[in-house]
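Remarks on the overall topology
One letter stands for each residue in the lines below.
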2 protein chains.
Amino acid sequence: MINTVAIQGIRGSFHHIVSQEFFSEPVDIIECMTFDRVVEALINQECDAAIMALENSIAGSIIPNYALIDDYQLHIVGEHYLDIQHNLMALPNQNIEDIKEVYSHPMALLQCKDFFKDYPNIKLVEDKDTAEVAERINAKGLKNIGAIASVLAADIFNLDILAHSIQTIKHNETRFAVVKRTNSEVPENEINKASIKFEADHKRGSLATILNVMSDCKLNLTKIQSLPIIKTPWKYAFFVDVTFEAYADFLKAKSIIEIMGQNFKLLGEYKNAKI
Amino acid sequence: MINTVAIQGIRGSFHHIVSQEFFSEPVDIIECMTFDRVVEALINQECDAAIMALENSIAGSIIPNYALIDDYQLHIVGEHYLDIQHNLMALPNQNIEDIKEVYSHPMALLQCKDFFKDYPNIKLVEDKDTAEVAERINAKGLKNIGAIASVLAADIFNLDILAHSIQTIKHNETRFAVVKRTNSEVPENEINKASIKFEADHKRGSLATILNVMSDCKLNLTKIQSLPIIKTPWKYAFFVDVTFEAYADFLKAKSIIEIMGQNFKLLGEYKNAKI
């Protein structure tokens, strides 16, 4: 039973939306300003689960979050996809021509910069969080200031949306992981996806050999990401996601890769959320 | 002959250091505040080459820069590795206890946040660029303000370094690409590394098959990164770097992958800079 979930950001953030959509029952949230704090809340048992963005279709993997899951021995127990839509919002009864400055997260500003080329008088300013700016505009009654945030944020903080979906790339799908301290709760018959990590050197064929095992065991690869191991030149860690029809097939592949690869680690096994 | 190089950032930035170390002759630089501007300068023939960070050992690939190289049909003609060292600097004749605020790039602040736990009175503020803050402190004579930047920046802008190498992870190796508009200048006998891109679907074995070709052709894989193709579910683009001893081996692999993979693209072939 999940009662409390740690999220990155505040109410109205994209992580908040995920917490609403993923769980079947309403959950309380712990608002965290950093992913480090999200993990701390989980480790300290302040919450039952945490939500962390893992990758998006524009910028790729969020490696520091993979590192947090890896370093703190957390377990991915589920995934959720969200199409990130950025909206320009401000206090009611203003037009876009009234807006002098827009504050938001650097990534949101980057994704929306083309939209603002038509509004050269608007100054773009980097801020910590998308939804937090919306909250501040509301709390302090800041006129002539815009936020870039979710529809939920506009709703919670009583702002009017001046322009919908202002990001340049209209579909920016972001994948979120639901993580827990233990790996005990996903029923075996629901598991059809897994995230694993293993190491291999750069010698020719070492990765190909492991991928051949996966292929022989009927696993489909949905993601692969190599990362150099900082202290060991020419050695690489691979973060790999696979999907499968039969859990037994995955167990078989896992037992072989545990022998062939080095430092094999199961980051999580869960239900594939991609339709 | 390279006379002018576009860099991200200003004098004293890490890209500036790369421009000094990579080329055997001194080059003029064009200071660009964004990577988009770097590419624009190259496309518009304002410069002969451009330098772009591609990945670092902490955060992984800088996917938007791969996308720029891909989208604008640029060619990687060389690579350079730099161990990023962050230093706290300020106007001369101050102690660290005099510093009230430190401005820097969000990534630099993130990498140095542990250092500042011992200095809770210092406020950390996000800024555009590491070196630009150093320049501003110098130009405006800003007391009690610190910058986090390179030794070169301290040197150019006459600041004193109050603490060296303040980043948490002591070795943060960053890989930079030297890119040009054309691919004509690396002598064949110097080429022992290549960056390629191809597409494959998630069906089992499709990537393994291509990696087997690479292995059969004696290529070593030094990097692999999958990226979902936004408009085509279950299809992936792979950015792969390989090293090899004989250029003929690479040509052979290339000709096979061109047939087996989809939308094969050579992003560049160049000299491996990793010792």
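Note that the structure is a prediction, hence the values are computed from the model and not measured. (Residues numbered from 1 in each chain as written. Chains lettered and ligands numbered in written order. Predicted model: local features only at pLDDT ≥ 70, side-chain atom pairs only at ≥ 80, totals over all residues. Heavy atoms only, no water.)

Thoughts on the pattern of salt bridges
Here is the rule: Each reported salt bridge corresponds to a side-chain nitrogen of Lys or Arg within 4 Å of a carboxyl oxygen of Asp or Glu. Starting at the N terminus, helices and strands are each numbered in turn, a helix being any DSSP run of H or I of at least four residues and a strand any DSSP run of E of at least two. The classification of residues rests on relative accessible area computed with a 1.4 Å probe and restricted to protein chains. Under 20% of the type maximum is buried, over 50% is exposed, and intermediate values are partly exposed.
For the structure shown, the criterion picks out 30 salt bridges over all chains. A salt bridge links Glu 173 of chain A to Lys 274 of chain A, with the shortest nitrogen-to-oxygen separation between them at 2.5 Å. With a gap of 101 residues between them, Glu 173 of chain A in strand 11 (residues 173–180) and Lys 274 of chain A in the segment after strand 15 (262–270) connect regions that are remote in the sequence. The partner of Asp 70 of chain B in a salt bridge is Lys 265 of chain B, with the nearest N and O atoms 2.6 Å apart. Taken together, the positions of Asp 70 of chain B in helix 3 (residues 63–71) and Lys 265 of chain B in strand 15 (residues 262–270) put the pair 195 residues apart, joining distant regions of the chain. Across the pair, Lys 265 of chain B and Asp 70 of chain B agree in class, each one buried.

A word on the interface of chain B and chain A
What counts here: Any two residues whose heavy atoms approach within 4.5 Å at even a single point are treated as in contact. Each of two parts loses accessible area, computed with a 1.4 Å probe, when they are put together; buried area is these two losses added. Here a polar contact is taken to be a pair of N or O atoms separated by no more than 3.5 Å, where protein atoms must pair a possible hydrogen donor with a possible acceptor and residues adjacent in sequence count only if both atoms sit in side chains.
Contacts between the two partners involve 38 residues from chain B, matched on the other side by 38 residues from chain A. With both sides pooled, the region where chain B packs onto chain A buries about 3,300 Å², and carbon together with sulfur makes up 58% of that total. Counting every contact that joins chain B to chain A gives two salt bridges. Between Asp 36 of chain A and Lys 113 of chain B there is a salt bridge; the shortest N-O distance is 2.3 Å. Where chain B meets chain A, there are eight residue pairs in polar contact (both at pLDDT 80 or more). Within the residue set of the side of chain B that touches chain A, elements represented by two or more residues are helix 4 (106–116), helix 7 (206–216), strand 13 (220–228) and strand 14 (235–243) of chain B.

What to know about the relation of the copies chain B and chain A
Both copies of the chain are related by a screw-like operation: a rotation about an axis and a shift along it. What counts, and what does not: Superposing copies: least-squares fit, C-alpha atoms only, residues required to have pLDDT of at least 70 in both.
Taken as rigid bodies, chain B and chain A are interconverted by a rotation of 180 degrees and an axial shift of 0.1 Å, the fit giving an RMSD of 0.1 Å. The relationship between the two copies is best expressed as a two-fold rotation axis. If distances are taken from each C-alpha of chain B to the rotation axis, the shortest is found for Gln 225 of chain B, at 2.3 Å. Comparing interface residues between copies, 100% of those in chain B also lie at the interface in chain A; the contact surface is shared.

Re the sheet that holds strand 6 (residues 87–90) of chain A
Residues and elements named next belong to chain A. What counts here: Between any two strands, pairing holds if DSSP finds at least two bridges. Fitting a line to C-alpha atoms yields each axis, with helices limited to the stretch in contact; the angle taken between N-to-C directions then spans 0 to 180 degrees.
If you walk across this open sheet you meet the five strands as 8-7-9-6-10, and the pairing is mixed. With partners counted over all chains shown, the strands left at the sheet margins are strand 8 (123–126) and strand 10 (160–163), one partner each. Averaged over neighbouring strand pairs, the angle between their axes works out to 35 degrees when direction is ignored. Note that strand 7 (residues 101–104) and strand 8 share four bridges and pair parallel. When the sheet's bridge partners are listed, Glu 101 is paired in strand 8 with Lys 123. Strand contacts of helix 5 (residues 130–140): strand 6, strand 7 and strand 9 (145–149), with the helix running at about 145 degrees to strand 9, the strand carrying the most contacts.

Re the packing of helix 7 of chain B against helix 8 (residues 247–260) of chain B
Residues and elements named next belong to chain B. Selection rule: Note on terminology: angles under 35 degrees are roughly parallel, angles over 145 are roughly antiparallel, angles of 65 to 115 are roughly perpendicular, and the others are oblique. With the far helix as reference, a near helix turned anticlockwise by less than a right angle produces a left-handed crossing, and one turned clockwise produces a right-handed crossing.
At a minimum axis distance of 9 Å, the contact between helix 7 and helix 8 shows a crossing angle of 165 degrees. In terms of orientation, helix 7 and helix 8 fall into the roughly antiparallel class. For the pair helix 7 and helix 8, the sense of crossing is right-handed. Contacts between helix 7 and helix 8 involve Thr 209, Ile 210, Val 213 and Met 214 from the first element and Ala 253, Ile 256, Ile 257 and Met 260 from the second.

Details of the packing of aromatic side chains
Note the threshold: When two rings of Phe, Tyr or Trp (its six-membered ring) have centres within 6.5 Å they constitute a pair, described as stacked for plane angles under 30 degrees, edge-to-face for angles over 60, and tilted for the intermediate range. Definition used: whenever NZ (Lys) or CZ (Arg) falls within 6 Å of the ring centre and also within 35 degrees of the ring normal, the charge is taken to sit over that ring.
This structure, assessed with the given rule, holds 14 aromatic pairs over all chains. Members of the aromatic cluster, each reached through a chain of ring pairs, are Phe 115, Phe 116 and Tyr 119 of chain A. Cation over ring: Lys 274 of chain A sits above Tyr 81 of chain A, and NZ or CZ is 4.6 Å from the ring centre. Residue placement shows Arg 136 of chain B over the ring face of Tyr 103 of chain B; its charged tip is 5.7 Å from the ring centre.

A look at the sheet that holds strand 6 (residues 87–90) of chain B
Residue and element names in this part refer to chain B. Taken in spatial order, the five strands line up as 8-7-9-6-10 in an open sheet, and their pairing is mixed. A single partner strand is all that each edge strand has here, and the edge strands are strand 8 (123–126) and strand 10 (160–163). Strand-to-strand, the axes of this sheet are offset by a mean angle of 35 degrees, without reference to chain direction. The pairing of strand 6 with strand 10 spans three bridges and is classified as antiparallel. Within strand 10, the residue paired with Ala 90 across the bridge is Asp 160. Most of the contacts of helix 5 (residues 130–140) go to strand 9 (residues 145–149), to which it runs at about 145 degrees, and overall it touches strand 6, strand 7 (101–104) and strand 9.

Comments concerning helix 7 (residues 206–216) of chain A
Within the span of helix 7 of chain A, buried status applies to Leu 207, Ala 208, Ile 210, Leu 211, Val 213, Met 214 and Ser 215 of chain A. Note on helix 7 of chain A: the residue one or two positions beyond its end, Lys 218 of chain A, has a positive phi of about 65 degrees.

What to know about the environment of Asp 48 of chain A
All names here are of chain A. Looking at where Asp 48 falls in the secondary structure, it is placed in the loop between helix 2 (35–43) and strand 3 (49–56). Judged by its relative accessible area of 26%, Asp 48 is partly exposed. For Asp 48 and Pro 187, which are 139 residues apart along the polypeptide, the C-alpha to C-alpha distance reads 18 Å. Within the structure, Asp 48 has its side chain in polar contact with the backbone nitrogen of Asn 3 (distance 2.8 Å).

Quick look at the side chain of Gln 167 of chain A
All names here are of chain A. Within the secondary structure layout, Gln 167 lies in the loop between strand 10 and strand 11. In this structure Gln 167 comes out as buried when scored by relative accessible area, which is 1%. Not counting the four nearest positions on each side in its chain, Gln 167 is found in contact with Ile 84, Gln 85, His 86, Gln 111 and Cys 112.

Digging into unusual backbone geometry
Here the phi dihedral of Asn 93 of chain A falls at roughly 65 degrees; this positive angle occurs in a residue that is not glycine. Asn 93 of chain A gets classed as exposed once you look at its relative accessible area, which sits at 78%. Located in the positive-phi region is Asn 263 of chain B, a residue other than glycine, with phi close to 50 degrees. Residue placement: Asn 263 of chain B occurs in strand 15. Residue Asn 263 of chain B is classed as exposed on the basis of its relative accessible area of 54%.

A short note on the environment of Asn 138 of chain A
Residue and element names in this part refer to chain A. With respect to the helices, strands and loops of the structure, Asn 138 is situated in helix 5. Those residues in contact with Asn 138, other than ones at most four positions away along the chain, are Leu 91, Phe 157, Asn 158 and Leu 159. Engagement of the side chain of Asn 138 in a polar contact is seen with the backbone oxygen of Phe 157, the distance being 2.8 Å.

Observations regarding the pairing of strand 5 (residues 75–83) of chain A
Residues and elements named next belong to chain A. The element strand 5 is extensively covered by neighbouring structure, given that eight of its nine residues are classed as buried. Relative to strand 11, strand 5 runs antiparallel, the two sharing eight bridges. Paired with Glu 79 across the two strands is Ala 177, which belongs to strand 11.

So far we have only geometry, and geometry alone does not tell us how the molecule works.
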